[in-house]
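Notes for the structure review
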Amino acid sequence: MKYPKELKYTKTHEWVRREGGKVTAGITDYAQHEISDVVFVEIPKVGQAAQREKPISVVESVKAAFDIYAPVSGKVTKVNTELESDPGRVNHDCYGEGWFFELEMADEREWQSLMTAEEYENSLKQEAK
Amino acid sequence: MSGCLRYLPLREKHIEYGAKWGQFGPWEVPLYYSSILEEHEAVRKRAGLFDISHMGKFIFEGPGAAAFLDGFLPRPIQKMDQGKALYMPLLNPGGKIIDDIILYRLGESRFLMIVNAANTEKDFRWIQSKLPCSAAFIFQNPSDEYGLLALQGPKSVRILQQAFGSKSVPPLQYYEAKLWDWGVIARTGYTGEDGFEFMFHCSKLAEAWEKLFRAGAGEGLCPAGFGARDTLRLEAAMRLYGHEMNEETSPLEAGIEWAVDWDKESFEGREPLSKEKKEGSAKRLAGFEMVDRGIPRQDCAIQKGGRILGKVTSGSFSPTLKKNIGLGYVPAAEAFAGNRIEVVIRHKPAQAQIVKLPFYHRPKSNP
């Protein structure tokens with residue numbers, strides 16, 4: 001499984017990419033693999049307020065629904081509406097076409113508290129124990 | 001019931017085939033091997049092999065077995081031809097569903113009853129309580145000694161003949177069953193496709209599994225897990241005990257009146273059921289398709305104009321229809337095709353429409 005070095009991660013299995021004051025987020029390779037076939041995604045609305053570690057989106061497999069948490073606080077600036085008609089993108093390209101939303105960060109210090117790829121991989125190993 | 005997990009006899013085989021485990025009642029079962037969607041499609045277009053060894057298996061054998069079963073079951077048993085299978089509910093005196101079963105007549109005085117795994121002990125005790133002291137036949141629960149495999153999908157006949165040799169496989173029509181060299185073979189299933197269900201002694205189970213895979217490799221046979229089993233049966237609107245049926249539902253409400261024979265003058269639960277038929281059922285099982293976005297799940301409320309109608313009993317994304325579908329109970333007067341209802345998903349009402357069942361019919365081109 002892949003965890004690109006340029007991204008940061010949460011313990012709830014979201015990845016985060018930073019471009020200036022904005023971040024894009026989706027779910028990690030580990031998460032998409034565990035969820036298996038994604039058949040439904042509920043994305044947030046543009047303009048919606050996001051609160052760090054609070055549910056902001058829902059992803060569903062054939063069997064169950066899972067919450068997606070906001071990795072940082074801020075305001076939703078863009079959403080991937082393609083996921084509504086083609087949720088399988090989350091499985092096929094979780095770090096690319098399978099992105100969920102873009103946020104304008106309210107507090108840039110929150111970026112620092114996210115995990116690096118190495119820290120995330122270590123946390124997965126801990127979880128597996 | 002103990003908190004211990006129960007394991008399938010082919011557990012090692014499932015690990016070898018890459019099973020992702022899930023739980024079904026107390027049983028550890030393969031949820032999927034590759035993915036639920038792939039396995040679902042394999043069964044609809046080619047074939048899938050399921051291990052359903054968790055199910056309960058009862059044997060009735062000896063003089064008087066047919067008359068005994070005829071005494072309480074809601075379909076005619078003494079008249080049943082040898083080599084036939086019948087689906088029916090086990091009814092309590094109130095006409096409600098204790099379980100739903102398939103009964104196979106393997107000989108003049110030899111019957112096999114397949115029951116839901118979670119109900120095995122309950123059913124066994126209940127049937128035992130009906131046994132006359134003078135019974136000359138045996139009634140046994142050898143569930144742990146035998147395994148069940150289900151080969152389902154349009155390529156099933158070809159794979160079966162290649163696996164065991166076309167001469168050694170008995171010819172079977174839908175809902176027929178035979179004893180053969182390997183155990184019991186029946187043309188039954190729980191997917192809405194053509195296929196077979198086998199009962200093998202546990203000592204032959206792994207060999208049979210391998211034989212089927214060697215023969216099926218070229219036909220696209222996939223191991224299929226409980227995830228696909230559930231989406232397949234839901235599309236075919238086959239009821240699942242514990243979801244669409246329980247001891248508070250009648251076969252009329254559950255829409256399986258066809259599995260009750262009114263020509264039979266007496267069977268357990270006939271009187272209250274016939275009263276219900278005359279007076280009308282309070283609730284009915286209905287199938288619906290989502291109009292708005294959202295996947296209905298078990299226990300979601302069904303409402304209309306702010307009035308609660310009932311609850312969803314099963315719901316899923318339908319891989320074949322590419323729609324979100326569900327089953328649930330509503331007042332009988334509301335259970336008509338075209339009726340607009342709302343399903344409450346994550347506290348928000350979403351529009352849905354009641355449709356005719358089943359959601360999926362196998363195409364005529366599939367045998």
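The structure contained in this document is the topic of the report that follows. (Residues numbered from 1 in each chain as written. Chains lettered and ligands numbered in written order. Predicted model: local features only at pLDDT ≥ 70, side-chain atom pairs only at ≥ 80, totals over all residues. Heavy atoms only, no water.)

Things to note about the environment of Gly 56 of chain B
Residue and element names in this part refer to chain B. As a reminder, the rule being used: Secondary structure elements are taken from DSSP: a helix is a run of H or I of four residues or more, a strand is a run of E of two residues or more, and numbering for both begins at the N terminus. The contact definition used throughout considers only heavy atoms, calling two residues in contact when any of these lie within 4.5 Å.
Along the chain, Gly 56 falls in strand E4 (residues 56-61). Along the backbone, Gly 56 and Pro 142 are 86 residues apart, and their C-alpha atoms lie at a distance of 8.2 Å. Those residues within four positions of Gly 56 in sequence are excluded, and the remaining contacts are Met 113, Ile 114, Val 115, Asn 116, Ala 117, Thr 120 and Ser 143.

Details of the pattern of salt bridges
Threshold: In what follows, salt bridge is the name for a side-chain nitrogen of Lys or Arg lying within 4 Å of a carboxyl oxygen of Asp or Glu. Three labels apply to residues, based on accessible area from a 1.4 Å probe with only protein chains included: buried if under 20% of the type maximum, exposed if over 50%, partly exposed otherwise in between.
Summed over all chains, the structure comprises 39 salt bridges over all chains. Two residues, Glu 41 of chain B and Lys 45 of chain B, come together in a salt bridge whose shortest N-O distance is 3.7 Å. Residue Glu 41 of chain B and its partner Lys 45 of chain B are located together in helix H2 (residues 36-45), separated by 4 residues, close to a single helical turn. With relative accessibility at 39%, the residue Glu 41 of chain B sits in the partly exposed group. Since its relative accessible area comes to 52%, Lys 45 of chain B is described here as exposed. Across the pair Asp 194 of chain B and Arg 187 of chain B runs a salt bridge, and its minimum N-O distance is 2.8 Å. As far as burial versus exposure is concerned, Asp 194 of chain B and Arg 187 of chain B are alike and both buried. One network of salt bridges, in which partners are shared, links Glu 42 and Glu 60 of chain A together with Arg 297, Arg 346 and Lys 348 of chain B.

A few points about the nonpolar core
Put simply, the rule is: Each nonpolar core is a collection of buried residues, namely Ala, Val, Leu, Ile, Met, Phe, Trp, Tyr and Cys, held together in the definition by side-chain atoms within 4.5 Å.
Formed by 48 residues in total, the largest nonpolar core has its most connected members in Phe 50, Tyr 87, Ile 97, Tyr 104, Leu 112 and Met 245 of chain B. Apart from residues no more than four positions distant in its own chain, Met 245 of chain B is found in contact with Tyr 87, Ile 97, Asp 100, Arg 239, Leu 240, Ala 254 and Ile 256 of chain B.

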